[in-house]
Each structure stands twice: as structure tokens, then as C-alpha cells.
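So you can see what is in the structure, the chains are spelled out below.
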Amino acid sequence: MKIQRTDGEQMELILQEDFKYGKYDDHHTYFEGDKKGTFWGSIAEDYAAIGPPTGFQGFISWIFLPAIAAGMYFNAPGEYLYIGAAIFTVIFCIIEMDKPSEPHNFEPQIYNMERGARDKLISDYNTMDIWDFNEKYGDLWDFTVKNDDIMKR
Amino acid sequence: MADTITSFTLLKSCIKTNSLQTTKAEFNSFSRSLKQCSSSTFSKGSHQFVENGKSNRASRVVKANALPEWPLMAVLVEHLDGQRDLITHKSIWHLSDQAMKNVYTFYVMFTCWGCCFFGSTKDPFYDSETYRKDGGDGTGHWVYEKQEDNEESSRSELWREELIEEIEQKVGGLRGLEEASKKEEQLVK
């Protein structure tokens, strides 16, 4: 049913009993949204959300535990298992350290900064030499002092 | 046949050990030992009798290998005169050294892998907009604390301004008074 509004526009009139609560007013407690994936789909989504290691790093981290279990099953010497674990750890950590830092890799006070200043600081941290960075931003360690000039540096 | 033979050998060993006891009631002890031995004939392995030498309270530990796959089993027979025997079966389960090493190795490996893997992941909520909107300070109840801090600082600023105004007014009043008194003095002079 269409009604004429006073400003001349046509408008759909919805009766009270036809009003779909939660859908028309976007209230999630009535209507949670029609996004319905499968169970495994939601698991995969959650897994992707934690940003797991990908590529070669993901491959070795998936292969590590089965390889250890297989080695123990076939009575491989324990020394080899431990040496393998040490090599795995070193390679994994090298790959991890080569990744650019994200906000959650810093002290949580970094979230108190303004968004633009924080992004600039983190991008500088990722691109600059660490010694230059320390010279430029070294006074920021004291987060109790207000620093408003990060964008100007 | 085998059962009788084992019980017989058991009997002999029982008598041997019991012969150390005082021969107070030879037949009684004999029948007692017979009973004990027959009650423990299920054990087919090595037998070790430990006698504590007391006549009234005889306690012996029978070490036996009853279940070959169950590594160790001890049968403790406690005897009191005129009472029933107390028989306690103790089964102690031992992990082999290799099994213990395997358990600890896998624990160490899992810990090592878990620290690497989960250390490289992130908490999706921790970085999300619902948690890190502008104004948040990263705690679960940041809105209120931030709000309270803001209110507190603005309130104190307001108070300070009011105080300064008040002081200025008072000072102005005092000055006025002083000036008035000076004028009066001048007038008097």
C-alpha cells in the first residue's frame, strides 16, 4: 500500500503486523542476519582471522608435528628429533622476524596514539633502519609525556 | 597336574619359612601356611617370601608376575591369629624409560611448535574496530575510564577558572578598599 507524503513523495506503508522486527530496523538480537555458512566454513573463517603463517612458513608449521610423531613412531633417534625442532624454530623465527610489524607487535600504549601518527610511526619502524628510528623517535619511550609532533617529524 | 606341583613347591617353601617360627602350634601354622599358599597359587612366577619374624603377626610379601603384560604385581598377606588373613593385591604400573622419554619429547616438541605458531598469530578482536575505535585505550572498559578522565580534567579546569575569577574579584575588592582608604587618608590629610 502506497501513501502520499505531505512533501509529495510516495511511501510504502507497512502495517504493524507486517513489520519484520530485526530485519527492517536492523536489530541483531531479533534477527542475526542471513549469513549462514557451514560449520567448517565458520571454522576456516576463524582460522583465517588469526592470520596464521602462510606459504613456506605455514607448510613447515603444518608438517612439523606429524613429522615428529612419525619420527617417534618409527623410533628415530631422539637427537635427530631435537635437532630438527631447533632448525624448525630458527627458520620459523627468521621468517617471522622478516615480516613487517603490526600494531599488536608493539606495546599496547601505541593504541592510545592518534591513528595517523600511529600508522606513520609503524611504517617508519618497518622501513627505517632501527638505529635511525631510535634517533628520530627515541624520546617516545616515555608514553606518559604527551607527544603531538609525531606527524611533523 | 601343574597346579598341584606348584602348590606343593609353594607348600615346601612355606614350611621352610615357617619353621623359623616358634613351634607353638605346629599343626595350626602348617594348616595356616597351607591355606595361605593355596590362596596364592594363582601366582605362577617367581616367589619371594619376606618374613618379619613375629609369631603373632606374620606379614609376608609375595612378589609375583601374574599378568605378564602387567609388569609388576605384589600380593601382601597379613596374618593375625584367630582372624582372617588380610590379602592385599598391589599392582604397580611402570612406564618404561623409553615411554617416558617419548612422552616428554612430544610435550617439548608441542610446546616449541605451539610457541612458534601461536606467537605468530594475532587476536582478531584485539585489533578489530569494535575494540580499537577512536577513543579507546585498549582496555575492556575504556569508554567509561576515558570519559571519566575527560570529565575530571574539564571539571578541574572549570574550577580553576572559577577560583581565579574569585581571587581576582577578591583582590579587586581589596584594592578598591585600599584605594578607598588611601583616598580617605588623603581627604583626611
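Going by an unreviewed UniProt entry, chain B carries the name Photosynthetic NDH subcomplex B 4 and comes from Buddleja alternifolia.

Where an unreviewed UniProt entry is consulted, chain A appears under the name Photosynthetic NDH subunit of subcomplex B 5, chloroplastic, with the organism given as Buddleja alternifolia.

So, about the overall build of chain B. A tally of regular secondary structure across chain B gives five helices and three strands. Across chain B, helices and strands are ordered from the amino to the carboxyl terminus as α-α-β-β-β-α-α-α. Across chain B, contacts joining residues at least 24 apart in sequence account for 25% of those joining residues at least 6 apart.

Opposite the 27 residues of chain A that make contact, chain B presents 24 residues. Between chain A and chain B lies a buried interface of about 2,300 Å² when both sides are counted; carbon and sulfur atoms form 66% of it. There are zero salt bridges connecting chain A and chain B. Our count for the chain A to chain B interface comes out at four residue pairs in polar contact (both at pLDDT 80 or more).

All names here are of chain A. When the UniProt feature table is mapped onto this chain numbering, "transmembrane region" (unreviewed entry) sits at residues 56-74 and 80-97. Counted over residues 56-74, helix gives 95% and strand 0%. Its end C-alpha atoms are 26 Å apart. Across residues 80-97 one finds 100% helix and 0% strand; the C-alpha atoms that close the span lie 26 Å apart.

All names here are of chain A. Interhelical geometry of helix α4 (residues 115-127) versus helix α5 (residues 130-137) gives an angle of 150 degrees and a closest axis separation of 9 Å. The pairing of α4 with α5 is recorded here as roughly antiparallel in orientation. Residues Lys 120, Leu 121, Asp 124 and Tyr 125 of α4 lie in contact with α5, whose contacting residues are Ile 130, Phe 133, Lys 136 and Tyr 137. Its residues assigned to classes, the contact of α4 with α5 comprises five nonpolar, no polar and three charged.

Right, let's get into the packing of aromatic side chains. Residues and elements named next belong to chain A. Within the structure shown, the criterion is met by twelve aromatic pairs over all chains. Here Phe 106 and Tyr 125 contribute two aromatic rings whose centre-to-centre distance is 5.0 Å and whose plane-to-plane angle is 75 degrees, an arrangement assigned as edge-to-face. Of this pair, Phe 106 sits in the loop between α3 (78-98) and α4 while Tyr 125 sits in helix α4, and the two are 19 residues apart along the sequence. Assessed through its relative accessible area of 31%, Tyr 125 is described here as partly exposed. Centroid distance Tyr 125 to Phe 133: 5.2 Å. Interplanar angle 80 degrees. Geometry classified as edge-to-face. Owing to a relative accessible area of 11%, Phe 133 belongs among the buried residues under this scheme.

This next bit is on the pattern of salt bridges. Summed over the entire model, instances satisfying the criterion amount to five salt bridges over all chains. A salt bridge links Arg 155 of chain B to Glu 151 of chain B, with the shortest nitrogen-to-oxygen separation between them at 3.8 Å. In this pair, Arg 155 of chain B and Glu 151 of chain B both sit in helix α5 (residues 142-188), four residues apart, roughly one turn of the helix. Under the relative-accessibility criterion, Arg 155 of chain B is labelled partly exposed at 36%. Its salt-bridge partner being Arg 155 of chain B, residue Glu 152 of chain B comes within 3.4 Å of it at the nearest N-O pair. One end of the pair is Glu 152 of chain B and the other is Arg 155 of chain B, both in helix α5 and three residues apart, which spans about a single turn. For Glu 152 of chain B, a relative accessible area of 44% translates into the label partly exposed. Members of the salt-bridge network, linked through shared partners, are Lys 120, Asp 124 and Lys 136 of chain A.

Phe 64, Ile 68, Leu 81, Phe 88 and Phe 92 of chain A together with Met 109 and Trp 113 of chain B are the most contacted members of the largest nonpolar core, which totals 13 residues. Contributions of two or more residues to this core are made by α2 (55-73) and α3 of chain A together with α3 (97-120) of chain B. Ranked by the residues each element gives to this core, the list is headed by α2 of chain A, at five residues. Not counting chain neighbours up to four residues away, the residues in contact with Ile 68 of chain A comprise Leu 81 of chain A together with Phe 106 and Met 109 of chain B. Residues Ile 110, Tyr 111, Tyr 137 and Leu 140 of chain A belong to the second largest nonpolar core, which totals nine residues.

What counts and what doesn't
Residues numbered from 1 in each chain as written. Chains lettered and ligands numbered in written order. Predicted model: local features only at pLDDT ≥ 70, side-chain atom pairs only at ≥ 80, totals over all residues. Heavy atoms only, no water. Helix = DSSP H or I, 4+ residues; strand = E, 2+ residues; numbered from the N terminus. Contact = heavy atoms within 4.5 Å. Buried area = accessible area lost by both parts, 1.4 Å probe. Salt bridge = Lys/Arg side-chain N within 4 Å of Asp/Glu carboxyl O. Polar contact = N/O pair within 3.5 Å; in protein donor to acceptor, adjacent residues only side chain to side chain. UniProt positions renumbered as here; feature names shortened; annotations may be inferred. Axes fitted to C-alpha atoms, helices over the stretch in contact; angles between N-to-C directions. Parallel < 35°, antiparallel > 145°, perpendicular 65-115°, else oblique. Nonpolar A, V, L, I, M, F, W, Y, C, P; charged D, E, K, R; others polar. Phe/Tyr/Trp six-rings, centres within 6.5 Å; stacked < 30°, edge-to-face > 60°. Buried < 20%, exposed > 50% of the residue type's maximum accessible area, 1.4 Å probe, protein only. Core = buried A, V, L, I, M, F, W, Y, C linked by side-chain atoms within 4.5 Å.

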